[in-house]
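Reading the structure
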Amino acid sequence: MRELKRERRPTTPGAILKSFYLSPRKIRINQLADAIDVSTKHLSRIVNGHERITPTMAMRLSKALSTSPQLWLNAQAATDGYEAEQAARHWEPKTVFEPA
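Not measured: the values here are computed from a predicted model.

Rules behind the numbers
- Residues numbered from 1 in each chain as written.
- Predicted model: local features only at pLDDT ≥ 70, side-chain atom pairs only at ≥ 80, totals over all residues.
- Heavy atoms only, no water.
- Axes fitted to C-alpha atoms, helices over the stretch in contact; angles between N-to-C directions.
- Helix = DSSP H or I, 4+ residues; strand = E, 2+ residues; numbered from the N terminus.
- Parallel < 35°, antiparallel > 145°, perpendicular 65-115°, else oblique.
- Contact = heavy atoms within 4.5 Å.
- Nonpolar A, V, L, I, M, F, W, Y, C, P; charged D, E, K, R; others polar.
- Salt bridge = Lys/Arg side-chain N within 4 Å of Asp/Glu carboxyl O.
- Buried < 20%, exposed > 50% of the residue type's maximum accessible area, 1.4 Å probe, protein only.
- Core = buried A, V, L, I, M, F, W, Y, C linked by side-chain atoms within 4.5 Å.
- Expected span 1.5 Å × (residues − 1).
- Bend = angle between axes of the 7 residues up to and from the residue.

Quick word on the packing of helix α1 (residues 13-25) against helix α3 (residues 40-47)
- Axis separation between α1 and α3 bottoms out at 6 Å; the angle between their running directions is 100°. Between α1 and α3, the angle falls in the class roughly perpendicular. Only L43, I46 and V47 of α3 make contact with α1, whose side of the interface consists of G14, A15, L17, K18 and L22.
- Looking at side-chain class alone, the contact of α1 with α3 contains 6 nonpolar, 1 polar and 1 charged residues.

A short note on the pattern of salt bridges
- Enumeration over the complete set of coordinates arrives at 3 salt bridges.
- One salt bridge connects R9 with E83, and the closest N-O pair in it is separated by 2.2 Å. Taken together, the positions of R9 in the segment before α1 and E83 in helix α5 (residues 69-87) put the pair 74 residues apart, joining distant regions of the chain.
- The exposure class assigned to R9 is partly exposed, which follows from its relative accessible area of 35%.
- Classification of E83 as partly exposed rests on a relative accessible area of 39%.
- The residue R52 makes a salt bridge to D80 at a minimum N-O spacing of 2.3 Å. Taken together, the residues R52 in the loop between α3 and α4 (55-65) and D80 in helix α5 connect sequence positions 28 residues apart.
- Relative accessible area serves as the criterion here: at 44%, R52 is assigned to the partly exposed category.

Overview of the packing of α1 against α5
- The contact between α1 and α5 brings their axes to 9 Å, and the two run at 135°. The orientation of α1 relative to α5 falls into the category oblique. Residues P13, I16, L17 and Y21 of α1 pack against L71, W72, A75, Q76 and T79 of α5.
- The residue makeup of the contact of α1 with α5, split by class, is 7 nonpolar, 2 polar and no charged.

Side note on the nonpolar core
- The biggest cluster of nonpolar side chains holds 18 residues, and the ones touching the most others in it are L17, L32, L61 and W72.
- For this core, the elements supplying multiple residues, two or more each, are α1, α2 (29-36), α3, α4 and α5.
- Residue contacts for L32: discarding those within four places in its chain leaves L17, L22, I27, L43, L61, A64 and L65.

Points about α1
- In this model α1 runs 17 Å from its N-terminal to its C-terminal C-alpha over 13 residues, within 8% of the 18 Å that 1.5 Å per residue would give.
- The largest bend along α1 reaches roughly 30° and is located at S19.
- Taken together, the buried positions of α1 are occupied by P13, G14, I16, L17, Y21 and L22.
- Tucked into the core, α1 has its buried residues touching α2, α3, α4 and α5.

Printed below as a string of structure tokens:
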């Protein structure tokens, strides 16, 4: 199987939230935070890429913004995968077990 090489870091869920939902709809972070019952600080950390999207948060965002939870979970998974790849770039296992 051919490995897909990423040229750049995926767009974070927070950047997607800001660019495609908050800014165009003129929704302030504190308004959305109140609507989904989380602190403004927590939502701000998500928007600024300092906090991950959890399944619970994905569900809340999807209900408040009329999206699917999978949109947010997929964006988070892409970001997590990229960060894991970068962290393991030079790591090698002590033993490789070949398939039978």
